[in-house]
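Structure at a glance
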Amino acid sequence: MQRPYNFSAGPAAMPNEVLQQAAAEMLDWHGSGMSVMEMSHRGPQFGSILAQAEADLRELLAIPADYHVLFMQGGALAENAIVPLNLSRGAKADYVVTGSWSQKSQLEARKFCDVHLAASTHDTTGYGLIPPLDMWNPRHDAQYLHYCANETIDGVEFHVAPTQFSLPLVADMSSTILSRPIDVAAHACIYAGAQKNIGPAGLTLVVVHRDMLGHALPSCPSAFDYGVVAKNGSMYNTPPTYAIYVAGLVFQWVKRQTEDALRGIAAIAERNRKKADLLYACIDASELFTSRVARECRSRMNVPFFLRDESLNDAFLQGTQQRQLLQLKGHKSVGGMRASIYNAMPLAGVQALVDYMHEFERSH
Ligand SMILES: *Cc1c(COP(=O)(O)O)cnc(C)c1O
């Protein structure tokens, strides 16, 4: 069956093979007679699923041994509080604002610590660039510097991590993780909600250096204390078992893209670059469609674009429905269109969108 191309920003499209495998194993996982969602999280079967998922993720992202991988809940918005609860010591924390998500992060952190914006592009015309790094002014005595690697709503992406400041770096990688190689060792803490590029909503991944643990504020809920979660192998409370299982299937799918896992991520990154290049080339060559993001920081995962004549928006979206191109409407705060082209979106899906855009421009 040919499924539609789904451009949702999240929860987002999953690889077909992963959905098929999950369906095949739904009633009876590996002869256990149980669905994964019916298993005790403390039993040997789920234990093996969790261990395999962690091992595969470590291999894919080349996560050094002195980092913990935590399988948590609450999503990236909960991490906006969990990060300062664990890492700020109630003192100073610096944030860089490049879009809607990092703006939310810094606002939430103000509940727990003294926040300073080391750089910000907030203005009335919307987000569309990364402030030049030599204009950033982080405080030397901040506990960490937080940035959002890819602004899912605004389409602004750091293609290189901002590592030149001698502060522990914390990154929201919700829509970046698994899309390309990541320099984990350059970061003190990386977090990501799963529902963009990893799997079902409900799982939040945290990769945190062991030296960052043990300084949670006394008011930090135990289930959100990185040290407690790490000590209990992500089993302090019941983890989102089924979401972890599906994420594990996605890790295996990424590994299958080439014969060795690290190259699997490189292969995925190359495919993602091709997909994004195809779409931006169409937008840039067009008289009708336009991008508002500076070229050097255009996201390879989320491509917001606008029709110069916004009265055509409804007609454009109607045509996408007929062509089985789903969920292309832009975020309500930005308007226009947004094509999210995560790992599970094949090049053929982007080609189908580009073909339709050409056709629409010719007829309007
Ligand atoms: C989706 C997203 C969020 C919000 O995630 P929730 O799981 O809804 O909390 C935060 N940051 C980024 C970069 C995102 O893409």
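Residues numbered from 1 in each chain as written. Predicted model: local features only at pLDDT ≥ 70, side-chain atom pairs only at ≥ 80, totals over all residues. Heavy atoms only, no water.

**Here's the deal with the overall build of the protein chain**
When you go through the protein chain residue by residue, the secondary structure sums to nine helices and 14 strands. A compact globule built from 364 residues would reach a C-alpha radius of gyration of about 21 Å, and the protein chain, at 21 Å, matches this within 12%. Every one of the 364 residues in the protein chain was classed for burial, and the buried ones make up 54%. Across the protein chain, contacts joining residues at least 24 apart in sequence account for 67% of those joining residues at least 6 apart. Of the accessible surface of the protein chain, which amounts to about 15500 Å², a share of 53% is contributed by carbon and sulfur atoms. Across the protein chain, the mean location of the 30 positive side-chain charges is 1 Å away from that of the 35 negative side-chain charges. (Helix = DSSP H or I, 4+ residues; strand = E, 2+ residues; numbered from the N terminus. Rg over C-alpha atoms; globule rule 2.2 N^0.38 Å. Buried < 20%, exposed > 50% of the residue type's maximum accessible area, 1.4 Å probe, protein only. Contact = heavy atoms within 4.5 Å. Areas by Shrake-Rupley, 256 points an atom, 1.4 Å probe, with all protein chains shown as cover. Lys, Arg positive; Asp, Glu negative; His and termini not counted. Charge placed at Lys NZ, Arg CZ, Asp CG, Glu CD.)

**Examining the site of the ligand**
Every residue lining the ligand is accounted for by Gly 75, Ala 76, Leu 77, Trp 101, Cys 148, Asn 150, Thr 152, Asp 172, Ser 174, Ser 175, Gln 195 and Lys 196. Here Thr 152 contributes a side-chain N or O atom positioned 2.4 Å from an oxygen atom of the ligand. Within the side chain of Lys 196, an N or O atom sits 2.5 Å from an oxygen atom of the ligand. Taken by itself the ligand offers 390 Å² of open surface, and the protein chains cover 86% of this. When the residues that make up the shell around the ligand are grouped by side-chain class, the tally is four nonpolar, six polar and two charged. (Near = heavy atom within 4 Å. Polar contact = N/O pair within 3.5 Å; in protein donor to acceptor, adjacent residues only side chain to side chain. Nonpolar A, V, L, I, M, F, W, Y, C, P; charged D, E, K, R; others polar.)

**Structural notes on the sheet that holds strand β10 (residues 204–209)**
Strand order in this open sheet of seven strands is β2-β10-β9-β8-β5-β3-β4, and the pairing throughout is mixed. The two strands at the open ends of the sheet, each matched to only one other strand, are β2 (67–72) and β4 (114–120). Each adjacent strand pair in this sheet contributes to an overall mean axis angle of 20 degrees, direction not counted. Inspection of the sheet shows strand β8 (residues 169–172) paired to strand β9 (residues 189–193) by three bridges, in the parallel sense. Residue pairing for β9: Ala 171 is matched across the bridge by Ile 190. Contacting β2 and β10, helix α2 (residues 44–61) crosses the sheet at an angle of about 130 degrees to β2. Of the strands in this sheet, β2, β3 (92–97), β8, β9 and β10 touch helix α3 (residues 75–87), which is tilted by about 155 degrees from β9. (Pairing = 2+ DSSP bridges. Axes fitted to C-alpha atoms, helices over the stretch in contact; angles between N-to-C directions.)

**Things to note about the nonpolar core**
Ranked by size, the top nonpolar core spans 55 residues in total, and within it Leu 61, Leu 178 and Phe 251 carry the most contacts. With 10 residues, the top contributor of residues to this core is helix α6 (residues 241–255). Leaving out residues up to four positions away in the same chain, Leu 178 has contacts with Leu 57, Leu 60, Leu 61, Asn 197, Ile 198, Val 250, Phe 251, Val 254, Ile 265, Ile 268 and Asn 343. Residues Tyr 280, Leu 288, Met 345 and Val 354 belong to the second largest nonpolar core, which totals 27 residues. (Core = buried A, V, L, I, M, F, W, Y, C linked by side-chain atoms within 4.5 Å.)

**Examining the pairing of strand β14 (residues 337–340)**
Judged by which residues are buried, β14 turns out to be covered on both faces: Met 337 and Ala 339 on one side and Arg 338 and Ser 340 on the other are all buried. Here strand β12 (residues 302–307) runs beside β14; their pairing, made up of four bridges, is antiparallel. Within the sheet, the bridge partner assigned to Pro 304 lies in β14 and is Arg 338.

**Remarks on the packing of aromatic side chains**
Two aromatic rings, taken as a pair, are described by how far apart their centres are and by the angle between their planes. As enumerated under the stated definition, the model contains 11 aromatic pairs in all. Judged by centre distance (4.9 Å) and plane angle (70 degrees), the ring pair of Tyr 147 and Phe 158 falls under edge-to-face. Highlighted residues: Tyr 147 in strand β5 (residues 145–148) and Phe 158 in the loop between β7 (156–157) and β8, separated in sequence by 11 residues. Phe 158 carries the same exposure label as Tyr 147, and that label is buried. Judged by centre distance (5.3 Å) and plane angle (55 degrees), the rings of Tyr 242 and Tyr 245 are tilted. (Phe/Tyr/Trp six-rings, centres within 6.5 Å; stacked < 30°, edge-to-face > 60°.)

**Quick word on the pairing of β5**
Side chains Leu 145 and Tyr 147 of β5 all project onto a buried face; the interleaved residues His 146 and Cys 148 project onto the opposite face, where all are buried too. The pairing of β3 with β5 spans two bridges and is parallel. What sits directly across from Asp 94, in β5, is Leu 145. The pairing of β5 with β8 spans four bridges and is classified as parallel. Note that in β8 the partner of His 146 across the bridge is Val 170.

**Observations regarding the domain arrangement of the protein chain**
For the protein chain, the domain assignment lists domain 1 (17–254) and domain 2 (259–363). The gap between the C-alpha centroids of domain 1 and domain 2 is 26 Å. Contact with domain 1, which involves 24 residues of that partner, is made by 26 residues of domain 2. On inspection of domain 1 and its partner domain 2, the count reaches zero salt bridges. Those elements giving two or more residues to the side of domain 1 that touches domain 2 turn out to be α2, β7 and α6. Grouping the constituent residues of the side of domain 1 that touches domain 2 by class yields 11 nonpolar, eight polar and five charged. (Domains from an automatic or database assignment. Salt bridge = Lys/Arg side-chain N within 4 Å of Asp/Glu carboxyl O.)

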